[in-house]
Structures are given as structure tokens and as C-alpha cells.
Amino acid sequence: MKRLLEALFGLIALTGIPYLIYLGVYYLRRPSGTPADAWPREPSVSIVLPTYNESGIVESKLEELVELDYPMEKVEIVVVDSSDDGTADLVETFFAGRSEPKLTLIREDERRGLATALNEAYAAAANEVVVKTDCDSRIASDAVRRAVANLADPAVAAVTGRNAEVLGGSDVEQNYRDIQTMIQILESHIDSTLIFHGPFSAFERDQIVPIDEDSIADDTELALKIRRNGGRVVFDPEIHYKEAAHSDFGKRREQKDRRAMGLLRLLWRQRDALGSHGAYGRVVLPFNWWFMVVSPWLVGAGVALATVGSLALLGPAGLVTPAGVLAFTALGSRDALGPLQPLYSLFDAQISLLRASVSLIRARADGDEDTHDGTWAPDDELREVLQ
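Given the structure is predicted, the values throughout are model-derived calculations rather than measurements. One numbering rule holds for all chains: residues counted from 1, following each sequence as written. Reporting in this predicted model follows two pLDDT cut-offs: at least 70 for local features of residues, and 80 or more for side-chain atom pairs to be given and counted; totals over whole chains, interfaces and linings ignore these cut-offs and use all residues. Excluded from the side-chain calculation are hydrogens and water; included are all heavy atoms of the structure.

Participant: Looking at this structure, how should I read the pattern of salt bridges?
Facilitator: Opposite charge on two side chains allows them to pair when their charged atoms are near. A carboxyl oxygen of Asp or Glu within 4 Å of a side-chain nitrogen of Lys or Arg is what we treat as a salt bridge. Taken as a whole, this structure holds 28 salt bridges when the rule is applied. A salt bridge links Arg259 to Glu243, with the nearest nitrogen and oxygen atoms 2.8 Å apart. Linking Arg259 in helix H8 (residues 249-269) with Glu243 in strand S8 (residues 232-244), this pair joins segments that are 16 residues apart in sequence. A simple rule labels every residue: compare its accessible area, found with a 1.4 Å probe on the protein chains alone, to the largest value its type can have, and call it buried under 20%, exposed over 50%, or partly exposed in between. Arg259 sits in the partly exposed class, given a relative accessible area of 25%. For Glu243, a relative accessible area of 7% gives the class buried. It is possible to trace a salt-bridge network through shared partners that takes in Asp212, Asp214, Glu221, Lys225, Arg265 and Arg269. A run of H or I in DSSP counts as a helix once it spans at least four residues, and a run of E counts as a strand once it spans at least two, with each numbered from the N terminus.

Participant: Even after reading the chapter, I still don't get the sheet that holds S8, so can you show me in this structure?
Facilitator: Whether parallel or antiparallel, the strands of a sheet pair through hydrogen bonds between backbone atoms. We treat two strands as partners when DSSP finds at least two bridges between them. If you trace the eight strands from one edge of the open sheet to the other, you get S3-S2-S1-S4-S7-S6-S8-S5, paired in mixed fashion. With partners counted over all chains shown, the strands left at the sheet margins are strand S3 (102-107) and strand S5 (137-139), one partner each. The mean angle between the axes of side-by-side strands here comes to 25 degrees, regardless of whether they run parallel or antiparallel. In this structure, strand S1 (residues 45-51) lies alongside strand S2 (residues 75-81), joined through seven bridges in parallel fashion. By the bridge assignment for S2, Ile47 is matched with Ile77. Contacts from helix H3 (residues 87-95) reach S1, S2 and S3 within the one sheet, and its direction differs from that of S3 by about 165 degrees. Contacts from helix H6 (residues 171-190) reach strand S6 (156-167) and S8, with the element oriented near 165 degrees to S8. Angular values range over 0 to 180 degrees, each being the angle between N-to-C directions of two axes fitted as lines to C-alpha atoms, with helices fitted over their stretch in contact. Pairs of residues are marked as contacts when any of their non-hydrogen atoms sit within 4.5 Å.

Participant: How should the environment of Ser83 be read in this particular structure?
Facilitator: Its place among the elements puts Ser83 in the loop between S2 and H3. Ser83 sits 202 residues away from Leu285 along the chain, and the two C-alpha atoms are 37 Å apart. Apart from the residues within four sequence positions on either side, Ser83 is in contact with Thr51, Tyr52, Asn53 and Glu54. Among the polar contacts made by the side chain of Ser83, one reaches the side chain of Thr87 at a distance of 3.4 Å. We call two N or O atoms a polar contact when they sit within 3.5 Å, provided that within protein one can donate a hydrogen and the other can accept it, with sequence-adjacent residues counted only if both atoms are side-chain atoms.

Participant: What should I look at first to understand the UniProt feature "domain: Glycosyltransferase 2-like" (unreviewed entry) in the chain in this one?
Facilitator: UniProt positions are given in the numbering used here, feature names are shortened, and annotations may be inferred rather than shown by experiment. The sites that carry the UniProt feature "domain: Glycosyltransferase 2-like" (unreviewed entry) are, in the present numbering, residues 46-177. Split by type, residues 46-177 is 34% helix and 29% strand. Its first and last C-alpha atoms lie 27 Å apart.

Participant: I would appreciate a short explanation of H3 in the present structure.
Facilitator: Spacing of three or four residues puts side chains on the same side of an α-helix, whose turn is 3.6 residues. Taken together, the buried positions of H3 are Thr87, Ala88, Val91, Phe94 and Phe95. Down the axis of H3, the buried side of the element spans an arc of 120 degrees, and every buried residue falls inside it. Next to the buried residues of H3 lie S1, helix H2 (58-66), S2 and S3. In the stretch just after H3, Gly97 is the one whose phi turns positive, near 85 degrees. It is the directions from the helix axis to the C-beta atoms whose arc is reported.

Participant: Quick question: what am I supposed to make of the nonpolar core here?
Facilitator: Nonpolar side chains tend toward joint burial in soluble globular proteins. Note on terminology: a nonpolar core comprises buried Ala, Val, Leu, Ile, Met, Phe, Trp, Tyr and Cys residues joined through side-chain atoms within 4.5 Å. If you look at the biggest cluster of nonpolar residues, it comprises 34 residues, and the most contacted ones within it are Ile47, Leu62, Val144 and Phe200. Secondary structure elements with two or more residues in this core: S1, H2, S2, H3, strand S4 (129-132), helix H5 (143-151), S6 and S8. In terms of residue count, the dominant contributor to this core is H5 (five residues). The residues touching Ile47, leaving out its near neighbours within four places in the chain, are Leu65, Leu68, Val75, Glu76, Ile77, Val78, Val131, Thr133 and Val144. One finds Tyr26, Leu186, Ile195 and Leu266 within the second-largest nonpolar core, a separate group that totals 25 residues.

Participant: Is there a simple way to think about unusual backbone geometry in this case?
Facilitator: Comment: phi is negative for the bulk of residues other than glycine, and the bulk of peptide bonds are trans. Here the bond from Glu100 into Pro101 is cis, since omega is -5 degrees, no more than 30 degrees from zero. As for its placement among the helices and strands, Pro101 is situated in the loop between H3 and S3. One non-glycine residue, Arg30, lies in the positive phi region at around 45 degrees. Relative to the elements of secondary structure, Arg30 occurs in the loop between helix H1 (2-29) and S1. With a phi angle near 50 degrees, Asn53 is a residue other than glycine that sits in the positive phi range.

Participant: How should I be thinking about the side chain of Gln270 in this particular structure?
Facilitator: Note that Gln270 resides in the loop between H8 and helix H9 (279-314). The buried category is assigned to Gln270, whose relative accessible area is 13%. Here Gln270 is in contact with Leu224, Lys225 and Arg228, once residues within four sequence places are set aside.

Participant: Please clarify how a nonpolar patch on the surface should be interpreted in this entry.
Facilitator: Together, Leu20, Leu23 and Tyr27 make up an exposed nonpolar region whose accessible area comes to about 310 Å². Considering the arrangement of structural elements, one finds Tyr27 in helix H1. Each patch is built from residues lacking any salt bridge and having more than 30% relative accessible area; the joining distance is 9 Å for like charges and 5 Å for nonpolar side chains (Val, Leu, Ile, Met, Phe, Trp, Tyr). Accessible surface area values rest on a Shrake-Rupley calculation with a 1.4 Å probe, where residue burial reflects the displayed protein chains alone.

Participant: Honestly, the domain arrangement of the chain in this entry has me stumped. Any pointers?
Facilitator: Looking at the assigned domains, one finds that the chain contains domain 1 (1-30 + 260-367) and domain 2 (45-245). Here the bounds of each domain stem from an automatic or database domain assignment. Centre-to-centre, using C-alpha coordinates, domain 1 lies 30 Å away from domain 2. Facing the 37 residues of domain 1 at the interface are 29 residues of domain 2. Put simply, buried area is how much 1.4 Å-probe accessible surface two parts lose in total, over both of them, once they are put together. Each partner contributes to the roughly 2900 Å² buried at the junction of domain 1 and domain 2, and carbon and sulfur atoms together form 67% of this total. Per-residue buried area on domain 1 facing domain 2 is highest for Tyr26, Leu266 and Tyr280; these three make up 21% of the total on that side. Taken together, the connections running from domain 1 to domain 2 amount to four salt bridges. The partner of Arg265 in a salt bridge is Asp214, with the nearest N and O atoms 3.8 Å apart.

Below is the structure:
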């Protein structure tokens, strides 16, 4: 029994030490804001908007884009659409009679996946800066202006922003994004951040390279490749967007697990970047490998070991341990843990990463790990929040 307890405490320590080190570095450096040498400018901008069956929300998204605090004569909206619900027709009608911004509409005959659509849209974008946003998100009116100010720094080739408000009232996602914000600010001040966000990312057009056609982490993949090519990719917490999310455990799984799978597959494919590209490969990537690849298995092993240990020590009464984990999960998914809610948000992320790891291992064993085509099913419930 003593060895079991030693193993359990060892697992807990092993899991937590890298996070404590990162927190220590954060509080020693106390980074804030963007690390870019930002200054105001107004280059031409292409805003890329991929759409699939967005007829209920596309007009409100377009209204948002044409009302941005930026000169519309310098803006091009690139819509790439593969819908079968008339979304493209609504886009054309919206721009009918408008002289600015310019519309570039790419109609796809068949749905080939988001990454393929984005590659086509990026190739069609004609302006100096390319902004990518999602139809099911909302961006602040000054987001583009702040992004191009970051890109004024010659060392910065791409910038992403912060989910400042989670639509739908999900404390689980809001707490996770707040923690992620701290991590990404520190990463950006150390060198560059890893994760780029679909609701808002901006790139120097001449830095854009094609992404894998089956990518399900397209924004992060593009940012990672840009960093590998020598450009700095940073996070600016003052660039705000809003995105809807679930708190319910079951409903979150499809959304979170898909993202987790995309990030894990990207890290594996780009594993040769570890140790290279300055502090990005020596500090930022190793921490993300720990958080996404190693830590979820340690958390799972810790829960399993604690359950076995409590059953061995207490007999049937030891079921209190798995019951406690289930209660923690149930309360957390209802945003009912009070001050412990941020801890549950991290636990929820680790569950998604563990599930995604298992799915990828199974797919690899079956010989079809690369068969995902990058398509996704719109979440009607979250779109109702936007409507």
C-alpha cells in the first residue's frame, strides 16, 4: 500500500511540476499586452470568411465586417462557400450595389474540407494583410486595426487574439480561455505562441504557405509553419472576439475533442520542430507537448491509481474516489464549482486531449490516421446563440 501511495504522489508531482515552473516564470516576468513593436498603419486587408450552410447567421457576420473601424476602400472580403442552403446567394445579395468593400466570392461545387477551402481563399486574397475569421464568431470593431498595428513590427508575421467573452454563458470555456490567455501572453514574450484561433487570426500575405488538405488545426498549422520559416507569431490580448461554447460535458466533447485531435496530430507531424527555432522550439513547444501529449495520460493514470488504491485500502467504500471524480465532473459541467471552476476547466481540457490521443492511436493501428477530410458539422444550438 505504501508503494501505491508513493506512486500516486509521484504521479501528482510529475504532472504538476511543469505547470508550477511555468507559473513561476509568468510571475517573475509578469508579461502583459503584445510583445510586438506596434504602431498605427492602414495597409490593404483581405478578410477570408469560409462558409458552410450559414444562411441563418451570414448576413449578421457581413454586417459586422463592413462596420469595422477600418477604411472599407482598403478591404476585400473573400468568401469561400460550399453550402447547399443558399448562403452564397445571400452573400451576393448583401453586396449588391455596394462599391466597397470589394467582394471575392469563391463557389465550390462540392465540400472538400476547411483546409482546402482556406488554401484556395488565401491564394485568391490580393491584399497586403490577410485576416481569417469564422462565421460563427463576432470580432471587436477595432480588431483589424489592432492586428495590422502588430504586423507593423518587421519581426512579426502573424497575430491572433483573445476570446474575451464566451457566448452562451459557459464558465467552463471562459475559465479555460482565461488560463490560455496567460499562457499565450507568456509564450509570445518568450518568442512566439503556438495556438492560433479561428475566430480571428491575421497574417502578412507574403508569409502564408499552404496547409495540409486534411488539417483540422488549420490556423495553428499556418502559424507554426510561418514560425518555422522565420517569422514571429504572437498573441495580443487586446484583440477581442466572441465565440459560443457549451458547458455540458457531453455537448462539449465533439467541439473540444475535434480541436484536441487537430492539435495533437499537428504536434506529431511537426515534431522535428522541437529544439529548433530559438526559444519557440526549446521552451514553447516542449511545454505544449507536455500539456497536450504527456499530461493527459498522467492525469488518467492518476485517477486510475487513486481508484485502485482506495479500493485496496477501503474495500467497497473506496468507490468514493471514482464517485468523487464523477461528482466533480457533473458539478463542473454545470458551472457549479465556484472557486474550483478553473481547475475543472483544465481537467475538462485534459479529458479531451486524452480521448483524442486514444482516437488517434486507434486510427493509426487501423491504418487510417490520415483519412479525416477536415469537414465539420455546424452546431445548430450554438448558432441559435448568435442568432
